[in-house]
Amino acid sequence: MSATASDSIMETGTFVNCFLLVISLVIIPVNGGYDKERDALLKGTFPQDFIWSSATAAYQIEGAWNVSDKGPSVWDTLAHQDNNRDTGDVACDSYHKYPADIQLMKQMGLKYYRFSISWPRIFPTGEQQDGVNQDGVRYYNALINELIANDIQPMVTLFHWDLPQVLQDRYGGFLNNHTTNTTVIHDLFGDYARFCYQNFGDRVKYWITFNEPWITSWLGYGVGNFAPQHNEPAEGQYKAAHNIILSHAKAYHIYDDEFRAAQNGQVGITLNCDWGTPKTPADADAAIRYIQFSMGWFAHPIFKNGDYPEVMKTTMTRKAQEEGRTTSRLPEFTPEQKAYISGTGDFFGLNHYTTVEVIDTCCTPIENPSYDTDKDIGTGHAPDWPRAASSWLYVVPWGIRNLLGWIKEEYGDPDIYVTENGRSDHDQDPAIMMDMERICYYMMYTNEVMKASNMDNVKVKAYTAWSLLDNFEWLSGYSERFGLHYVDFNDPTRTRYPKASSVFFKQLVRNNGYPEGSEFTKYVENMWYFCHNTTEAEVNGYTGGASQISSLFSLFLAIPMMIAYSLIA
């Protein structure tokens, strides 16, 4: 960390506000009710080859939205509909500032970086036959080369929601003829993937075809509040998902057939999923149905047998009968397609942030069916789960361990890469630089990941923090901040400043976990009960005046260590 960056954290005004934030945390719970066995700190380390990474996405950080023949994406179109809406036109300006971003990663000791390629920055119309934007190729080559020169390995996502607008206009995007595996959208995505493998694959060894296809399918083509804003909640999401799964398989087979022998890389997909915990024992089946209708929708075909989960198929068949339809709204794969899809994942990418309580609402017929009603479930949150700035993000660390274990059992013990995990703060003035709640989040969630790895024998190979930088958070614009580094979006130079969480994460990476007896682990021990909104006395049932004050005392023991780390990092 530079002296300037350190000074920016420690200047008087910022320190006073950080102190007030710390005091406020005493009465703001960071986690729900503490379970002495479940929530105890596990000391130890991850495997020596464990991957620590941070992540971003092209539209969220690059800016340069129309530079050098880049084509418009569906997110450019959505963001420009309203003059009062935040846009990704400049964002973090990482198109120009990527060398500085890489130095931030290097200062944190990161050896991997997950980013996405913008399809319309490579093929402005989405079609190779219409021409290649050589400046886009130059940019990604420069980014990859700079990463490798700094001993950081690229992990590249091919599609992180920014579909070329021309493909949406010409073909309906991922709605295009969902009945065969040779449709235009599959071929075009295959052409794009092949071009990326050809031009970047000699240096990129980790490829992710799609990021969170659930978002594109349901929010983009179902309810339609995300780009490309197609509103067809009864069927749109199922058509889009069908095409996305087949497009993923096409990209996988292209790599497998044409590039794997020479490049020796891996291809996977990243799926998002909240852990669903039953509200009552009677809701247990509904909780499984919730997971199968979200993550299983994509994971079951790819990692299991080439087809949708049985509970999805039987539920949708029943829905068709109730609605008087002759066929299900859920498309069917042909036997050939099932064989083509099955096994097309070298690793399982997981984005996880939160947990929901699930209740069973089966089986009342619905007049206006949609994906939301198809699942026959309701969701909520326990009253003692604290919420982050994002309305959907509740802090429930044990959920990630449960989900990792469920993936292990359900999908035959695959290699799992946690490709996103993180916590949001509000954008506010003064900025939150001593972001203790984010430190607590990373501390608790990574410890649960380590429990899954070391105690449950889940093959977790990577943990990726979302995000390296504060960035454009889709419909929330710049009102929510997930970054390890603060970005001043009012400054034309988009200056970056390290938050306290970046110092914590650096020490976490350096220690590869929470080794017994280390100074870092002692810091974590001092923070542990505070982060769980309890005290050691309360957990162990001591009497004699134990209170939140002892939690505050532990925190103050930890703060000097955090400051010392910031000065030597």
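This structure is a prediction, so every number in the text was calculated from the model and none was measured.

Caption draft 1: Highlighting the overall build of the protein chain. Across its full length, the protein chain holds 22 helices and 17 strands. Evaluated residue by residue, the protein chain yields a buried proportion of 62% over its 569 residues. For the protein chain, the proportion of contacts with a sequence separation of at least 24, taken over those separated by at least 6, is 77%. Surface exposure of the protein chain reaches about 20600 Å², of which carbon and sulfur atoms provide 50%.

Caption draft 2: Highlighting the nonpolar core. Counting 162 residues, the largest nonpolar core has Met295 and Phe505 as its most contacted members. Aside from chain neighbours lying at most four places away, what touches Met295 is Leu271, Asn272, Cys273, Phe348, Leu350, Leu403, Trp406, Ile407 and Tyr411. Counting eight residues, the second largest nonpolar core, distinct from the first, contains Met155, Tyr206, Ile208 and Ala462.

Caption draft 3: Representation of the confidence of the model for the protein chain. For the protein chain, per-residue confidence averages 90 on the pLDDT scale, and 88% of positions sit at 70 or higher. Every residue in residues 1-31 scores below 50 in pLDDT, and together they form 56 contacts with partners more than four places removed in sequence or on other chains. In the predicted structure, residues 543-550 sits below a pLDDT of 50 and forms 10 contacts with residues beyond four places in sequence or in another chain.

Caption draft 4: Seen up close, the side chain of Arg260. Inspection of the secondary structure puts Arg260 in helix H12 (residues 260-263). A distance of 3.4 Å separates polar atoms of two side chains, one belonging to Arg260 and the other to Tyr252. Of the polar contacts made by the side chain of Arg260, one reaches the side chain of Asp346; its length is 3.0 Å. Residues within four places of Arg260 in sequence aside, it is in contact with Tyr252, Tyr255, Gly265, Gln266 and Asp346.

Caption draft 5: Broad picture of the packing of helix H9 (residues 184-200) against helix H11 (residues 236-258). The N-to-C vectors of H9 and H11 enclose an angle of 40°; their axes lie 9 Å apart at closest approach. The two elements H9 and H11 meet at a crossing, and its hand is right-handed. Facing Ile185, His186, Asp187, Phe189, Gly190, Ala193, Arg194 and Tyr197 of H9, the residues of H11 in contact are Asn243, Leu246, Ser247, Lys250, Ala251, Ile254, Tyr255 and Glu258. Taken together, the residues of the contact of H9 with H11 break down into eight nonpolar, four polar and four charged.

Caption draft 6: Broad picture of the environment of Ile366. Along the chain, the position of Ile366 falls in the loop between strand S9 (355-360) and helix H16 (371-374). Along the sequence, Ile366 and Glu322 sit 44 residues apart, while their C-alpha atoms lie 8.6 Å from each other.

Caption draft 7: Seen up close, the packing of aromatic side chains. Overall, the coordinates contain 63 aromatic pairs when judged by the stated rule. Where Tyr34 meets Tyr529, the ring centres are 5.8 Å apart and the plane angle is 55°; that geometry is what we call tilted. Taken together, the positions of Tyr34 in the loop between helix H2 (12-25) and strand S1 (44-45) and Tyr529 in helix H20 (residues 519-531) put the pair 495 residues apart, joining distant regions of the chain. Aromatic ring contacts, followed pair by pair, group Phe46, Phe50, Trp52, Tyr441, Tyr442, Tyr445, Tyr463 and Phe505 into a single cluster. Positioned over the ring face of Tyr139 is Arg121, at 6.0 Å from the centre of the ring.

Caption draft 8: Inspection of the pairing of strand S11 (residues 416-420) at higher detail. In terms of residue burial, S11 counts as a mostly covered element, since five of its five residues are buried. Across four bridges, the pairing between strand S8 (residues 348-351) and S11 is parallel. Residue Leu350 lies in a different strand from S11, and its bridge partner there is Val418.

Caption draft 9: Highlighting helix H19 (residues 500-511). With 12 residues, H19 extends 17 Å between its outermost C-alpha atoms, agreeing within 8% with the 16 Å of an ideal straight helix rising 1.5 Å per residue. In terms of residue burial, H19 counts as a mostly covered element, since 11 of its 12 residues are buried. Listed in full, the buried residues belonging to H19 are Ala500, Ser501, Ser502, Val503, Phe504, Phe505, Lys506, Gln507, Leu508, Val509 and Asn511. Once H19 finishes, Asn512 follows within two positions and takes phi at roughly 55°, a positive value.

Caption draft 10: How the structure looks around the sheet that holds strand S10 (residues 377-380). Strand order across the open sheet formed by three strands is S7-S9-S10, with mixed pairing between neighbours. Because the sheet does not close on itself, it has two edges, and the strands there are strand S7 (275-278) and S10. Taking each pair of neighbouring strands and ignoring which way they run, the sheet shows an average axis angle of 40°. Of the strand pairs in this sheet, S9 and S10 are connected by four bridges, and their pairing is antiparallel. When the sheet's bridge partners are listed, Asp360 is paired in S10 with Ile377. Each of S7 and S9 is contacted by helix H17 (residues 398-410), which is oriented at about 100° to S7, the strand it contacts most.

Caption draft 11: Quick look at the packing of helix H5 (residues 94-108) against helix H7 (residues 134-149). Look at H5 against H7: their axes get within 10 Å of each other, and the N-to-C directions meet at 10°. Regarding the angle of H5 to H7, the classification is roughly parallel. Of H7, the residues touching H5 (which contributes Ser94, Tyr95, Tyr98, Pro99, Ile102 and Met105) are Asp135, Arg138, Tyr139, Ala142, Leu143, Glu146 and Leu147.

Caption draft 12: The sheet that holds S11, seen in detail. As summarised here, the arrangement of the eight strands in space is S2-S3-S4-S5-S6-S8-S11-S13, forming a closed barrel in which the pairing is parallel. Direction aside, neighbouring strands of the sheet carry axes that sit 25° apart on average. Lying over the sheet, helix H13 (residues 284-305) contacts strand S6 (266-272) and S8, oriented at roughly 155° with respect to S6. Along the sheet, H19 contacts strand S2 (51-55) and strand S13 (460-466); its crossing angle with S2, the most-contacted strand, is approximately 155°.

What counts, and where the lines are drawn
- Sequence order as written defines the numbering, with residues in each chain counted from 1.
- With the structure being a predicted model, the display of local features is reserved for residues of pLDDT at least 70 and the display and counting of side-chain atom pairs for 80 or more, all residues being used for whole-chain, interface and lining totals.
- Only hydrogens and water are set aside; all other atoms, that is, all heavy atoms of the structure, feed into the side-chain values.
- By the criteria applied, helices consist of DSSP H or I runs no shorter than four residues and strands consist of E runs no shorter than two, each listed in order from the N terminus.
- Exposure is judged per residue with a 1.4 Å probe applied to protein chains only, and the accessible area is read against the type maximum: over 50% gives exposed, under 20% gives buried, and values in between give partly exposed.
- Two residues form a contact once any of their heavy atoms are found within 4.5 Å.
- Method for areas: the Shrake-Rupley scheme with a 1.4 Å probe, in which residue coverage is limited to the protein chains shown.
- Buried Ala, Val, Leu, Ile, Met, Phe, Trp, Tyr and Cys residues form a nonpolar core when they are joined through side-chain atoms within 4.5 Å.
- As a per-residue measure, pLDDT reflects the predictor's confidence and takes values from 0 up to 100.
- In protein, a polar contact means a hydrogen-donor-capable atom and an acceptor-capable atom, both N or O and within 3.5 Å, with residues adjacent in sequence counting only if both atoms are side-chain atoms; elsewhere, any N or O pair within 3.5 Å suffices.
- Note on geometry: axes are lines fitted to C-alpha atoms, helical ones only across the stretch in contact, with angles between N-to-C directions running from 0 to 180 degrees.
- Should the near helix be turned counterclockwise from the far one by less than a right angle, the crossing is left-handed, whereas a clockwise turn marks it as right-handed.
- Just so you know the grouping, Ala, Val, Leu, Ile, Met, Phe, Trp, Tyr, Cys and Pro go in nonpolar, Asp, Glu, Lys and Arg go in charged, and all remaining residues, Gly too, go in polar.
- Here a Phe, Tyr or Trp ring, Trp counted by its six-membered ring, pairs with any other such ring whose centre lies within 6.5 Å, and the pair is stacked when the planes are under 30 degrees apart, edge-to-face when over 60, and tilted otherwise.
- Two conditions define a charge sitting above a ring: the NZ of Lys or the CZ of Arg must be within 6 Å of the ring centre, and it must be within 35 degrees of the ring normal.
- The criterion for strand pairing is that DSSP finds at least two bridges linking the strands in question.
- To estimate the expected span of a helix, count its residues, drop one, and scale the result by 1.5 Å.
- What sets the label is the angle itself: under 35 degrees gives roughly parallel, over 145 gives roughly antiparallel, 65 to 115 gives roughly perpendicular, and the rest give oblique.

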